[in-house]
Amino acid sequence: MASLSVKPGQRFTMPDWQNNSLLISADAEQQRHNSHHIRQEGRALRNETGNQARWDEHNTRTFLNDRIKSVDRWREALARCLTDIDLEIDALTKVKEAAENALQAKNLCLDVAIECLTFRESRRDIDVVRDPVEEELLREVKVIEKTKKELQQRVDDAFKQLCLLKEARQQLSCDHRHKLETLELDRQCVSFNVTSGNISFKVNPTRIPDGTTAVREWELNSQCNKDRAEAEMRASVDLRGAITLSIAQTNNELDAQRIATEFALRKRIRDMEGALSELRWQEQNTLEEIAEMEEEIRQLEEDLRKRTLDLKVAHTRLETRTYRPHVELCRDQAQYGLTDEVQQLEGTIRALQQKRTESQDALDALYRQLHRIQTDIGYKTNSLQLDNKCMDTRRKLVIPVEKFEPEVDAVNRTRNLPRNSQLEL
């Protein structure tokens, strides 16, 4: 007879079964509710952050565009100011050259007057008198010296004003160049987007770099540069008018005095020849010193080149040793030795560069002195030729150059004649 098989274990009641089903349903409902809530919050967060990000990016782009417009306006203003100051520099340079030419033109008049006085010193006995001619010659010398001093002062003022104009232009040019670089960088920033290939995370991008200025300070700097340039241009315009007036006044004074003067004179040749001999001796010695200094500079540059190569080697060794792995990257004796070598080489290079600079300055000074000597030789050679003129010296002031015919020694005495503008006076 077969028996009923019963599965061993715990038996649950129907209420337990029903409660379990209800619990599962309630948990599922709660989890779906939680999930739905989280989804809604996530969606709201995505919408909020997306809108905020787009709005922030729009604000940033707007600020950048506004900044670009502001910088570009200043760039245009500085560019116009640069053009104006360049024109003013050219105008003042021409007026200064006119004053220098007028000043140079007075040298011939002064040479002639002094030459006439010296010639009249050769008179003997009773003829050595202070007659009206000598008085007019002495008065002419005083007028010429007065006009030369006034013109020289105007030339010096023009030179100083040119320096101020060029200094203001340098500041304007630097400011204008910085604004061009800023515009390029800001326009590059505007062009960046999420698809740009050169975007990446940066280390501490929100840091405030050293030297950062406020907007007000930035505006004041540009305005100060512009105002200074305009002030210097106004001063230059006034100075040009004053120089032009001075040139006209001095010419009128000299013309009026020149009408009352008739005689010419001769300068002492012996003093000129001695001065020329001394200058030529100085010129020869200066040329020899220049040659020795140039050789010294060449040796300094050669040593500087060698020390630079040594420094490159030391730098390369230090950089290469930075790639030693793990614990091998230690500051051993070789590291200390390389560091000391770099410091020593850098000090040596600085010393060589300083000495090269000093040597070059000395060489430049020698070249300037040589130029001064050669210029002075030219002046004194010209003066020596003028010393040979006698009775017809005064004719050069009133006879045009194309009609002037010296009475004696035509070759030497017409080789360095003054320009038409001087002789036509």
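Along every chain, residues carry numbers that run from 1 in the direction the sequence is written. In view of the model being predicted, local features appear only for residues whose pLDDT reaches at least 70, and side-chain atom pairs are presented and counted only at 80 or more, with totals across whole chains, interfaces and linings using the full set of residues. Hydrogens and water molecules were not included; the side-chain quantities draw on all heavy atoms of the structure.

The name an unreviewed UniProt entry assigns to the chain is Tektin, from the organism Daphoenositta chrysoptera. UniProt positions are given in the numbering used here, feature names are shortened, and annotations may be inferred rather than shown by experiment. For the record of the chain, the UniProt heading Subcellular location (unreviewed entry) holds the text "Cytoplasm, Cytoskeleton, Cilium axoneme".

A. Local environment of the packing of aromatic side chains. Stacked, edge-to-face and tilted are the three classes for Phe, Tyr and Trp ring pairs, Trp counted by its six-membered ring, which pair at centre distances within 6.5 Å; planes under 30 degrees apart are stacked, over 60 edge-to-face, the rest tilted. A full pass over the atoms with the stated rule returns zero aromatic pairs. Look at NZ for Lys and CZ for Arg. If either is within 6 Å of the ring centre and within 35 degrees of the ring normal, a charge sits over the ring. Lying over the aromatic face of W218, R67 brings its terminal NZ or CZ to 3.8 Å of the ring centre.

B. Region of interest: the UniProt feature "coiled-coil region" (unreviewed entry) in the chain. Mapped onto the present numbering, the UniProt feature "coiled-coil region" (unreviewed entry) falls at residues 134-161, 276-310 and 342-369. Counting from the N terminus, the helices are the DSSP runs of H or I reaching at least four residues and the strands are the DSSP runs of E reaching at least two. With 100% helix and 0% strand, residues 276-310 has its two end C-alpha atoms placed 50 Å apart.

C. Quick peek at the pattern of salt bridges. By definition here, a salt bridge exists when the distance from a side-chain nitrogen of Lys or Arg to a carboxyl oxygen of Asp or Glu is within 4 Å. Summed over the entire model, instances satisfying the criterion amount to 16 salt bridges. With a shortest N-O distance of 2.5 Å, K96 and E100 are connected by a salt bridge. Within this pair, K96 and its partner E100 are both found in helix α1 (residues 14-120), separated by four residues, close to a single helical turn. A 1.4 Å probe rolled over the protein chains alone gives each residue an accessible area, and that area as a share of the maximum for its type sets the label: buried under 20%, exposed over 50%, partly exposed in between. Judged by relative accessible area, K96 falls into the buried class, the value being 13%. Here E100 falls in the partly exposed class, since its relative accessible area comes to 30%. The salt bridge involving E230 is made with K226; its shortest N-O contact spans 2.6 Å. In this pair, E230 and K226 are both assigned in helix α3 (residues 215-259), four residues apart and thus about one turn of the helix distant. E230 gets classed as partly exposed once you look at its relative accessible area, which sits at 24%. The buried category is assigned to K226, whose relative accessible area is 18%. Through salt bridges with shared partners, a single ionic network connects D72, R75, E76 and R187.

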